[in-house]
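# Report on the structure
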Amino acid sequence: MHTMEDNSSCSSAGTALSEASFLQRTLERLSSTQCLKVSTEAPVAVIALQRYLSDQPEGQPDSYDVTVTDGVWRAKCSVHPALNHLVHSNTLRTGTDVSITQCSFVYSERRLGHGYICIEKLRCGGEMSALLPGIQDVASLPMMVKQGMERSVELQSDVPLQVSRKHYLSLWNNEDPEGDIWTSGSPSSHTVLDVSNITLLSSLESCFRNTWKPLPLLVKIIHKSRLRYYGKFGLKIDYPFQAYFEVADQSGTMSLVLWNELCPQFYQKLSVGTVLYIQNYSLKQSYSNRSHPQMDHHQMKTFHSVEICLNARNPTSVVTVVSAKSVLPQWGLPEVSYLFTTRLQLDELSNNSACDVICLVTFVGRVERVKSKGKKGPEKFWTYRWIHAVDGSSDRPFILEVFSSSQPEVFSRICPMTYLVCTQMRVCRVEGSLPYLTSSCETETFITGYHKGQPYVSDPRVKTFIQWTKTLKDNVVLQKTSVGGHYCYPRPPQTFTQSMADASAQVPLVAAADLKKEMETLQYREHKKVAIQGQIAAVRYTKHPKSTESRGTEEREQVPDVAPDVCEPNTQDHPSTAEQTTAPISTAEKISVRGIKRRIQTRKVKQFSLNLRSMAAKRSSEIEEEEEEKESDSGSEDAPNVADSQRNQDSDVISWESSSWPKQKQEVSEYLCEGGLHQDSVSRRFTIDEKDVLLQRSNLQPTHWTPEQSADTPPPVVCPGFYQVTILGINKQMAIDAAFLPVVSSDDPRAVALPQDPHGNTMLSCLSSGFLCPLSHSQSTLPQPEEVLGSAGELEDMHLVCILDLCHLGGDRVEVLISKVYRVTEVSKCTAL
């Protein structure tokens, strides 16, 4: 029994808890007012940021829920649509602090007992949260719910606050499964199946137009496509997903389509090699406007006219996943076949042909996004990354353009020194460049840790690759690895062609006045390639001093290698959200925070060697152990720092400018000064010790914060300096600064497949070719920047077409790199016939 003193103490504790919690006080104040402007600000940390399709007929196509904590409570809130641009620029992101300055409480008009806080105005904090390191277990903090709404499912579970939506979408694309609704790993059925009354795929075409009761199917999956999301406003389907599978039995192959609710239930359970017992399916005429995997190597008949449809209703399909041990040889199901190709054989493959590859990764680029070219439905993005990998058959690596294949846990963990398998890749041939491989809709990727259980482990070509890797020394391979940085392939052609018939097939030639809009509409990690006409008005080379190179490791640990990226979103276009700007952080505070968070880089050589040995053993043993199980069952040196859009005070600057630039500079109506070099623009050497922090920096911002999200700073990048090129538009009304980082070493990932025709190392020839020659492992034979800039006078008043690579790096950082220039004699124009 509680005494009066007990009740008093409990009440006091509750009052103290409420007073300590900014979120609790805010919710209590919202009980008496519709809209609350917060005068006494307290930071809260963002621990989740989730996206879903908006239910509003106009305006933003996406809505966002954000989960924040003040260290006492967690609160799931809605983000006002006026703040969506902060998410698009990755200014509002997980793992940082924000200060809520205005919010309101929204009651659901469609459901009793449901409501939520809507954040209408906020200020973003610095690079990393100061609050989260002091919280021992964020997941254990209670979720704050308004009194009387304790039974609200949306507030307590992993579903959107807007009750009309049933699921979240991946934050940065539509193809990756997102949320708790996607189930995986459930046990397969060990029940005895009645296969005496099944039908073969070959008989389905003749049954399609007849009234019939479908007999069960017994099939094996031989190909799996990525997810397709087809949701849009007004579509009354809770789970608008679709996935294609190619299935086979002894009579041939046919397409199978998983629809809507069955996708979250089954997609991650179904893999290539899985055997299915299917009842209550329907048939429909095949959809012709879709891609198909290349399956000639299976040597089976393919039935194209109809496809099998699995739905949750009308009829309710029954899908049984048969365990591998229950599959009987007398069923006659075909083995899964692969098209493994070596790098040497790739040169002989025709354009658009399909192949599978197994290789050792040596370079992994940062994840970027590109807008889908489709014009139907809401705007969507593809996510992709460039990869180099070797297989020992050639001195040249595979160049892989790998798109997300609805396997986010694999895509985000691809790193150098891992064994990578990519299936159903398509060959791309471009004149003047080496062939590269790009993903298809049916591509699947697997890395070390995910090979077990895959049918390809018994393929002879996989075994040959594993034997080759045993001849390698990890410490030697590591010297040739790198991660991150700007990378774009293939390089622009020797001649710039503007096609009047098909503008989408070429790099768009944009008006100088439109370039600013192109940059302002970029979203986080979105990449665009554009061309502009103009002339080069000035070139400046920023060279870092040798004294910086001589600093020891311990001294570098005490000095920040680059000013932290502070969230300072441009609010000029959003007058209603002017309070969103970031509170200023002093230089002393920046250095102090970075000094605390920086990890000591020094490691013992013995420990480093152990890491290498354990990593090599894990890679090779995973595939070999799987094959054994099947057989038994059946019987660097110190580097100067690169500053984000700024230079060290003691750096050496060499420059050239045209004679007319001082006057023209005063007359231009717009001067876009974005031409600095960013940390994320330069690739860096991969090390085992820095693996986690390097992967975090090259991946996209995660939806959920975890304690594993490191606050460490990666080591400084190797970059002797860079050129800043000022381009004056052809009509001399606009100018823009672009960074030019020529390839100066054959160790640079960009040097792979680079046409290395010798040139005179003039400023113009370097801008045209993209490199200084001759390329080698040593830079001692290359010309000095003074020599290159000494020839810049030939650029005076020269009419050029400049190719620019644009990429939004987050916050207010936009990367602008010049990748090639063309003289007007190198430009051609094609007209429609």
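Everything quoted here is computed from the prediction, not taken from an experiment.

## Overview of the overall build of the protein chain
Check the secondary structure of the protein chain and you find 19 helices and 32 strands. Of all 833 residues assigned to the protein chain, the portion counted as buried reaches 54%. Carbon and sulfur atoms form 50% of the exposed surface of the protein chain, whose accessible area is close to 38300 Å².

## Thoughts on empty space enclosed by the protein
Empty space left among the atoms is revealed by rolling a probe the size of a water molecule over them. Reported here for the largest cavity is a volume of approximately 310 Å³. Taken together, 23 residues make up the lining of the largest cavity; nearest its centre are His-486, Cys-488, Arg-491, Arg-750 and Ser-819. Per-element accounting of the lining of the largest cavity gives the leading share, 3 residues, to strand 31 (residues 813-823). The class makeup of the residues in the lining of the largest cavity is 15 nonpolar, 4 polar and 4 charged.

## Digging into the pairing of strand 10 (residues 252-259)
Of all the 8 residues making up strand 10, 8 are buried; the element is thus mostly covered by neighbouring parts of the structure. Burial along strand 10 is two-sided: the face carrying Gly-252, Met-254, Leu-256 and Leu-258 and the face carrying Thr-253, Ser-255, Val-257 and Trp-259 are both buried. In this structure, strand 9 (residues 241-249) lies alongside strand 10, joined through 8 bridges in antiparallel fashion. Across the sheet, residue Asp-249 finds its bridge partner in strand 10, namely Gly-252. Between strand 9 and strand 10, which follow one another and run antiparallel, lie 2 residues. Here strand 10 runs beside strand 13 (residues 306-310); their pairing, made up of 3 bridges, is parallel. Across the sheet, the residue bridging to Val-257 is Cys-309, located in strand 13.

## Some points on the nonpolar core
One finds Leu-92, Leu-400, Leu-420 and Leu-437 to be the most contacted residues of the largest nonpolar core, which totals 90 residues. Broken down by element, the residue count for this core peaks at 7 residues, all from strand 15 (residues 354-364). Core analysis: the next-biggest nonpolar cluster, separate from the first, contains 39 residues, Tyr-541, Met-734, Cys-802 and Val-821 among them.

## Considerations on helix 9 (residues 460-469)
Those residues of helix 9 not exposed but buried are Val-462, Phe-465, Ile-466 and Thr-469. Seen from one end, helix 9 has its buried residues packed into an arc of 100°, which puts them on one side. Residues Pro-460 and Thr-464 are exposed on helix 9 and point more than 90 degrees away from its buried face.

## Brief notes about the side chain of Glu-178
Structurally, Glu-178 is set in the loop between helix 4 (153-156) and helix 5 (204-207). Buried and unpaired, Glu-178 has Arg-51 as its nearest opposite-charge partner, separated by 8.9 Å. Ignoring any residue separated from it by four or fewer positions in sequence, one finds Glu-178 in contact with Tyr-168, Leu-169, Ser-170, Thr-703 and His-704.

## Things to note about the environment of Gly-252
Within the secondary structure layout, Gly-252 lies in strand 10. For Gly-252, a relative accessible area of 1% gives the class buried. Along the chain, Gly-252 and Leu-200 lie 52 residues apart, while their C-alpha atoms are 8.5 Å from each other. Not counting residues within four places of it along the chain, the set of residues in contact with Gly-252 comprises Leu-201, Val-247, Met-300, Lys-301 and Phe-303.

## As for the pattern of salt bridges
Any two side chains of opposite charge can pair, on the condition that their charged atoms come close. Here the structure, examined in full by the defined rule, presents 20 salt bridges. With its nearest N and O atoms 3.3 Å apart, the salt bridge here joins Arg-51 to Asp-62. One end of the pair, Arg-51, is in strand 2 (residues 43-53); the other, Asp-62, is in strand 3 (residues 62-69), with 11 residues separating them in the sequence. Taking the relative accessible area as the measure of exposure, Asp-62 reaches 14% and is therefore buried. Residues Lys-516 and Glu-670 are paired through a salt bridge, measuring 3.5 Å at the closest nitrogen-oxygen approach. Linked by salt bridges that have partners in common, Arg-366, Glu-368 and Glu-815 make up one network.

## A short note on the pairing of strand 11 (residues 275-279)
Among the 5 residues in strand 11, 4 count as buried, and that is most of the element. Direction of pairing for strand 7 (residues 217-224) relative to strand 11: antiparallel, over a ladder of 4 bridges. Of the residues in strand 11, the one forming a bridge with Lys-220 is Val-275. Both strand 11 and strand 14 (residues 318-322) contribute to a ladder of 5 bridges, which runs antiparallel. For Ile-278, the partnering residue across the bridge sits in strand 14 and is Val-319.

## Quick word on the confidence of the model for the protein chain
Scored by pLDDT, the protein chain has a mean of 83; 81% of the residues are at 70 or more. Note that pLDDT drops below 50 for residues 545-610; the model gives that stretch 107 contacts with residues more than four away or on any other chain. Here residues 636-650 is a poorly scored stretch, pLDDT under 50, and it has 45 contacts once near neighbours within four places are set aside; other chains count.

## Considerations on the state of the cysteines
Here a disulfide denotes a covalent bond joining the sulfur atom of one cysteine to the sulfur atom of another. Per the stated rule, a full pass over the model turns up 0 disulfides. Looking at the unpaired Cys-35, the closest cysteine sulfur is the one in Cys-103, lying at 7.4 Å. Free of any disulfide, Cys-118 has its nearest cysteine sulfur in Cys-103, 8.6 Å distant.

## Topic: unusual backbone geometry
At the junction of Asn-314 and Pro-315, the peptide bond is cis and its omega measures out at -5° in the coordinates. The amide bond that connects Cys-773 to the next residue, Pro-774, takes the cis arrangement and shows omega of 5°. By secondary structure assignment, the location of Pro-774 is in the loop between helix 18 (763-769) and helix 19 (785-789). Look at Asn-280: it is not a glycine, yet its phi comes out positive at around 55°. In this structure, Asn-280 sits in the loop between strand 11 and strand 12 (282-285). Owing to a relative accessible area of 37%, Asn-280 belongs among the partly exposed residues under this scheme. Positive phi, normally seen in glycine, also occurs at Gln-299, with a value near 55°. Turning to its location among the elements, Gln-299 is positioned in the loop between strand 12 and strand 13.

## Focus on the packing of aromatic side chains
Tallied over the entire structure, the rule returns 23 aromatic pairs. Put simply, the rings of Phe-363, Trp-386, Tyr-436, Tyr-487 and Tyr-489 pair up and form one aromatic cluster. A cation over an aromatic ring shows up here: Arg-369 above the ring of Phe-381, its NZ or CZ 4.1 Å from the ring centre.

Analysis parameters
- Residues numbered from 1 in each chain as written.
- Predicted model: local features only at pLDDT ≥ 70, side-chain atom pairs only at ≥ 80, totals over all residues.
- Heavy atoms only, no water.
- Helix = DSSP H or I, 4+ residues; strand = E, 2+ residues; numbered from the N terminus.
- Buried < 20%, exposed > 50% of the residue type's maximum accessible area, 1.4 Å probe, protein only.
- Areas by Shrake-Rupley, 256 points an atom, 1.4 Å probe, with all protein chains shown as cover.
- 1 Å grid on protein atoms, 1.4 Å probe; cavity = no way out; pocket = protein on both sides within 12 Å on 5 of 7 lines; lining within 4 Å.
- Points joined across faces, edges and corners; volume = space filled by probe spheres on them.
- Nonpolar A, V, L, I, M, F, W, Y, C, P; charged D, E, K, R; others polar.
- Pairing = 2+ DSSP bridges.
- Core = buried A, V, L, I, M, F, W, Y, C linked by side-chain atoms within 4.5 Å.
- Arc of directions from axis to C-beta.
- Lys, Arg positive; Asp, Glu negative; His and termini not counted.
- Salt bridge = Lys/Arg side-chain N within 4 Å of Asp/Glu carboxyl O.
- Contact = heavy atoms within 4.5 Å.
- pLDDT = per-residue confidence, 0-100.
- Disulfide = S-S within 2.5 Å.
- Phe/Tyr/Trp six-rings, centres within 6.5 Å; stacked < 30°, edge-to-face > 60°.
- Lys NZ or Arg CZ within 6 Å of the ring centre and 35° of its normal.

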